[in-house]
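Residues per chain, in single letters:
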Amino acid sequence: MRVDIGLDLGSTAIKVVFVENEKILWRGQTATVPGQEALAMGLIQKGRHNLALPEEQIGSLVATGYGKNLFAATDRQIDEISANALGLFRLSGGQARTIINIGGQDVKVLTLDEKGRVADFRMNDKCAAGTGRFFELAARLLDTPLEDFGELARRAKNHVELNSTCAVFAESEIISLLAQGVGREEIIWALNASVARRVAGILGRRQSEGAVFLDGGPAQNRGLVEALEDEMLTDIHVTAEPQFSVAYGAVVSLS
Ligand code: ADP
């Protein structure tokens with residue numbers, strides 16, 4: 001038994017996967033706050049403890065994500081775009097051709113060729129709107145956990161619009177909608193739709209060929225997936241645990 005460890009030091013969350021023969025044996029995550037190295041180490045220890053994994057069975061530790069350089073104790077580092085492409089291509093059984101990754105602070109769109117190589121890459125990191133942070137801000141304003149966003153959006157009876165293209169203005173728009181008595185279901189539906197519009201804007205008019213996958217933490221929000229499908233008029237696929245595909249890709253880079 002040889003278990004490799006993938007560590008994704010993201011802007012918002014640190015993710016760890018333990019992988020044996022391409023299979024994820026254990027995964028864990030924790031919020032990114034100062035002291036990331038110790039947090040990541042703690043998460044790795046937790047995984048080792050849970051799997052009762054002795055030192056000699058640990059293969060390589062590969063780090064990726066924006067904080068990868070902060071973590072010294074790695075065997076290897078890989079950039080997050082390559083890790084995302086490798087991880088999701090493998091998890092999708094070679095089906096993924098477009099990957100939309102919504103992270104805590106940016107949105108990335110990757111186009112892959114039939115071998116999983118990155119053929120095109122676009123990113124929005126200038127603005128919080130459309131990112132995980134934007135959802136977190138809205139969750140605080142609406143006093144609603146992100147885990148409930150998908151279900152609540154489904155219950156929206158009326159479809160209102162959020163017109164602000166900037167997170168700061170969107171915040172005042174949400175406050176004013178609340179003051180007008182608009183329900184949180186309607187506001188969450190509008191949020192998902194506005195993020196979907198932004199993402200479609202990054203993709204531009206390019207017709208995506210092949211399967212489109214959404215990953216990153218916000219991909220757990222079914223309401224966002226449905227909003228993207230409505231906006232892009234195509235099926236959007238999501239793997240079982242979309243927040244771990246980049247960490248998984250770090251391990252795949254070893255093979
Ligand atoms: P990064 O890799 O940049 O740290 P992630 O891919 O981990 O970012 O995504 C973080 C974002 O995921 C958070 O900002 C939050 O908006 C979103 N998120 C986290 N958990 C959930 C959840 N259960 N449902 C919906 N969104 C979530």
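Scroll up for the structure.
These numbers come from a predicted model, not from an experiment.

J.: Please clarify how the packing of helix α2 (residues 80–91) against helix α8 (residues 245–252) should be interpreted in this entry.
T.: Axis angle and axis distance: for two packed helices, these are the angle between their axes and the distance between the axes, and together they describe the pair. For the pair α2 and α8, the least separation of the axes is 7 Å and the interaxial angle reads 90°. Put simply, α2 runs roughly perpendicular to α8. Where α2 abuts α8, its residues Glu80, Ala83, Asn84, Leu86, Gly87, Leu88, Arg90 and Leu91 lie against Ser245, Val246, Tyr248, Gly249, Ala250 and Val252.

J.: Can you help me understand the sheet that holds strand β10 (residues 236–237) in this one?
T.: Sheet strands associate in pairs through backbone hydrogen bonding, adopting either a parallel or an antiparallel arrangement. Spatially, the five strands line up as an open sheet ordered β8-β7-β6-β9-β10, and their pairing is mixed. Each edge of the open sheet carries a strand with a single partner, namely β8 (118–124) and β10. Bridge count between strand β6 (residues 96–102) and strand β9 (residues 211–215): five bridges; the pairing is parallel. Bridging from a neighbouring strand, Asn101 pairs with Asp215 of β9.

J.: Please clarify how the site of the ligand should be interpreted in this entry.
T.: Close to the ligand lie 18 residues, the nearest being Thr12, Ala13, Lys15, Gly132 and Glu136. Gly132 has a polar backbone atom sitting 2.8 Å from an oxygen atom of the ligand. One nitrogen or oxygen atom from the side chain of Gln220 is found 3.5 Å from a nitrogen atom belonging to the ligand. About the coverage of the ligand: the protein hides 85% of its 580 Å² of free accessible area. Among the elements of the structure, β2 (13–20) and α3 (132–142) are those that each provide at least two residues to the shell around the ligand. Take the shell around the ligand: its biggest share by element is four residues, from α3.

J.: Looking at this model, I keep getting lost on the packing of aromatic side chains. Mind explaining?
T.: The geometry of an aromatic ring pair is captured by two quantities: the separation of the ring centres and the angle between the planes. A complete count under the given rule lists two aromatic pairs for this structure. Consider the rings of Phe18 and Trp26, whose centres lie 5.6 Å apart with planes at 90°: the pair is edge-to-face. Each of the two residues, Phe18 as well as Trp26, counts as buried. Note on Phe135 and Phe149: the rings are 6.2 Å apart at their centroids and 75° apart in plane angle, and the pair reads as edge-to-face. Here Phe135 is found in helix α3, whereas its partner Phe149 is found in helix α4 (residues 149–154), with 14 residues between them in sequence. The exposure class of Phe149 is buried, given its relative accessible area of 0%.

J.: Sorry, what's going on with the sheet that holds strand β1 (residues 3–9) here?
T.: Spatial strand order, β3-β2-β1-β4-β5: five strands in an open sheet with mixed pairing. Edge positions in the sheet fall to β3 (23–31) and β5 (76–77), since each of these pairs with one other strand and no more. Contacts between helix α1 (residues 36–51) and the sheet are confined to β1, β2, β3 and β4 (58–64), with β3 contributing the most and set at about 145° to the helix. Its contacts with the sheet place α8 against β1, β2, β3 and β4, and it is angled at close to 135° to β1.

J.: Would you mind going over the packing of α3 against helix α6 (residues 184–203) with me for this structure?
T.: For the pair α3 and α6, interaxial distance at closest approach is 12 Å and the crossing angle is 170°. Between α3 and α6, the crossing angle belongs to the class labelled roughly antiparallel. Within the contact between the two elements, α3 uses Phe134, Phe135, Ala138 and Leu142 and α6 uses Arg184, Ile187, Ile188, Leu191, Asn192, Ser194 and Val195. A breakdown of the residues in the contact of α3 with α6 according to their chemical character gives eight nonpolar, two polar and one charged.

Cut-offs and rules
Residues numbered from 1 in each chain as written. Predicted model: local features only at pLDDT ≥ 70, side-chain atom pairs only at ≥ 80, totals over all residues. Heavy atoms only, no water. Axes fitted to C-alpha atoms, helices over the stretch in contact; angles between N-to-C directions. Helix = DSSP H or I, 4+ residues; strand = E, 2+ residues; numbered from the N terminus. Parallel < 35°, antiparallel > 145°, perpendicular 65-115°, else oblique. Contact = heavy atoms within 4.5 Å. Pairing = 2+ DSSP bridges. Near = heavy atom within 4 Å. Polar contact = N/O pair within 3.5 Å; in protein donor to acceptor, adjacent residues only side chain to side chain. Areas by Shrake-Rupley, 256 points an atom, 1.4 Å probe, with all protein chains shown as cover. Phe/Tyr/Trp six-rings, centres within 6.5 Å; stacked < 30°, edge-to-face > 60°. Buried < 20%, exposed > 50% of the residue type's maximum accessible area, 1.4 Å probe, protein only. Nonpolar A, V, L, I, M, F, W, Y, C, P; charged D, E, K, R; others polar.

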